[in-house]
Amino acid sequence: HFQDAESPVSCVCHLSTMVVVFFETPAGYALFQVLKEKRLKKVQDIHTHFQDAESASSTVKLKAFHRFADTTEAVAAAAEMIEGKLGDSLKKFLKKNYVK
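**Things to note about the pattern of salt bridges**
- This model, assessed by the stated rule, comprises two salt bridges.
- Residues Lys41 and Glu37 are paired through a salt bridge, measuring 3.6 Å at the closest nitrogen-oxygen approach.
- Given a relative accessible area of 55%, Lys41 falls into the exposed group.
- The exposure class assigned to Glu37 is partly exposed, which follows from its relative accessible area of 31%.

Following this line, the structure appears as structure tokens:
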């Protein structure tokens, strides 16, 4: 299941019983394991669970992070996302950290 969180660079993905959130930042790709799935049911209320570090850390846990080597890689990754393409670095990151 794929659910867009009103951003081309983040999504909530369900795989079996594990739910993860993928997020692309200017620094790199982040993959979070969702600890309290019920908090993410209403997309319009998600921001309320990330207003401070304590509430965010009780909602999600960082599972993996891929740091971009430089600005060129970051811009290329952003362009691929905008174009709806799955680039090689993202594909490797997801295979390593998400696909089992």
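Read on for the rest.
**Quick look at the pairing of strand S4 (residues 28-34)**
- Counting buried residues in S4 gives five out of seven residues, a clear majority hidden from the surface.
- With five bridges joining them, strand S3 (residues 18-24) and S4 adopt antiparallel strand pairing. Pairing of Val20 across the sheet is with Gln33, part of S4.
- From the end of S3 to the start of S4, which pair antiparallel, there are three residues.
- As judged from the seven bridges shared by S4 and strand S5 (residues 60-67), these two strands associate in the antiparallel manner. The residue bridging Tyr29 from the neighbouring strand is His66, located in S5.

Conventions and cut-offs
Residues numbered from 1 in each chain as written. Predicted model: local features only at pLDDT ≥ 70, side-chain atom pairs only at ≥ 80, totals over all residues. Heavy atoms only, no water. Salt bridge = Lys/Arg side-chain N within 4 Å of Asp/Glu carboxyl O. Buried < 20%, exposed > 50% of the residue type's maximum accessible area, 1.4 Å probe, protein only. Helix = DSSP H or I, 4+ residues; strand = E, 2+ residues; numbered from the N terminus. Pairing = 2+ DSSP bridges.

So yeah, pure geometry; function would need other evidence.
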